[in-house]
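# Report on the structure
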Amino acid sequence: MHLLVVFFDDAADRAVRELWRRIGVTPDLPPHLTYAAAGTIGPKVRAELREDLSRLWLPDLWLHALSATDDALRLGAVVDSELLAVHSAVHDVLAGRVKHPGARHLPGSWTPHCPLLTGDDDAVKAAFAELHPVAPIRAEARQVAVVDTQTGGIDPLRNASTAPR
């Protein structure tokens, strides 16, 4: 599977890694937010994404809402019009050009978050209790990339905008 993700600036990266340390987690990927998932995001689609992303300003994120399911703990992002606009633009490029799009990342179904833990219900409950309440983390977009979940390969598509914040 391929994921289209945004990696965070150094300060936000350190803050999320500190949360991981507190709950004893060492994930395979750096802290991130996933915009889209698909069976494959091929070279042609990646080229189109690079072009479209070059025209977009990537908004800062505020990560602050812990949410837990039976098997996952997530740090939710505040949803605003800028974030939804980037998400929509990404999916405009992907629409009809990728096989097996991940349904939970599609517009209307997407809940933007940074993953903290995947595990059984007891592990998730314990991690929630350890981290709650969590201080808000301001995360600036450092890089957008395609991640191959099978190989761990990361293909950078775009570095963060230098637009004033």
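Let us look at the structure shown here. (Residues numbered from 1 in each chain as written. Predicted model: local features only at pLDDT ≥ 70, side-chain atom pairs only at ≥ 80, totals over all residues. Heavy atoms only, no water.)

Below, the discussion takes up helix H3 (residues 81-94). The terminal C-alpha atoms of H3, which comprises 14 residues, lie 20 Å apart, in line with the 20 Å expected from a rise of 1.5 Å per residue. Of the positions making up H3, those classed as buried are Leu83, Val86, His87, Ala89, Val90, His91, Val93 and Leu94. Considering only its buried residues, H3 is in contact with strand E1 (2-8), strand E2 (32-38), helix H2 (43-53) and strand E3 (61-68). One or two positions beyond H3, positive phi appears at glycine 96, with a value near 75°. (Helix = DSSP H or I, 4+ residues; strand = E, 2+ residues; numbered from the N terminus. Expected span 1.5 Å × (residues − 1). Buried < 20%, exposed > 50% of the residue type's maximum accessible area, 1.4 Å probe, protein only. Contact = heavy atoms within 4.5 Å.)

Tracing the chain through its elements places leucine 63 in strand E3. Put simply, leucine 63 and histidine 2 are 61 residues apart on the chain and 23 Å apart in space, counted from C-alpha to C-alpha. Excluding residues that lie within four positions of it along the chain, leucine 63 makes contacts with Phe8, Val16, Leu75, Gly76, Ala77, Cys114, Ala135, Pro136, Ile137 and Ala139.

Moving on to the side chain of aspartate 13. Structurally, the position occupied by aspartate 13 is in helix H1 (residues 10-22). Beyond its immediate sequence surroundings of up to four residues, aspartate 13 is in contact with Phe8, Pro30 and Pro31.

One pass over the structure, following the stated rule, counts 10 salt bridges. Between arginine 17 and aspartate 13 there is a salt bridge, and its shortest N-O distance comes to 2.6 Å. Taken together, the residues span about one helical turn, with arginine 17 and aspartate 13 both in helix H1 at a distance of four residues. Residue aspartate 13 is classed as buried on the basis of its relative accessible area, which comes to 14%. In this structure, aspartate 155 and arginine 46 form a salt bridge, with 2.8 Å as the shortest nitrogen-oxygen distance. Separated by 109 residues along the polypeptide, aspartate 155 in strand E8 (residues 154-159) and arginine 46 in helix H2 bring together distant segments of the chain. In this structure arginine 46 comes out as buried when scored by relative accessible area, which is 15%. Connected through salt bridges with shared partners, the residues Arg46, Arg50 and Asp155 form a single ionic network. (Salt bridge = Lys/Arg side-chain N within 4 Å of Asp/Glu carboxyl O.)

The four strands lie next to each other as E5-E4-E3-E6, forming an open sheet whose pairing is antiparallel. Edge positions in the sheet fall to strand E5 (113-118) and strand E6 (137-139), since each has one partner strand and no second. Recorded for the sheet is a direction-independent mean angle of 35° between the axes of neighbouring strands. Here strand E4 (residues 72-77) runs beside E5; their pairing, made up of five bridges, is antiparallel. Within E5, the position partnered with leucine 73 by the bridge is leucine 117. Relative to the sheet, H1 contacts E3, E4, E5 and E6, its axis offset from that of E6 by approximately 135°. (Pairing = 2+ DSSP bridges. Axes fitted to C-alpha atoms, helices over the stretch in contact; angles between N-to-C directions.)

Spatial relationships are all this shows, so hold off on functional conclusions.
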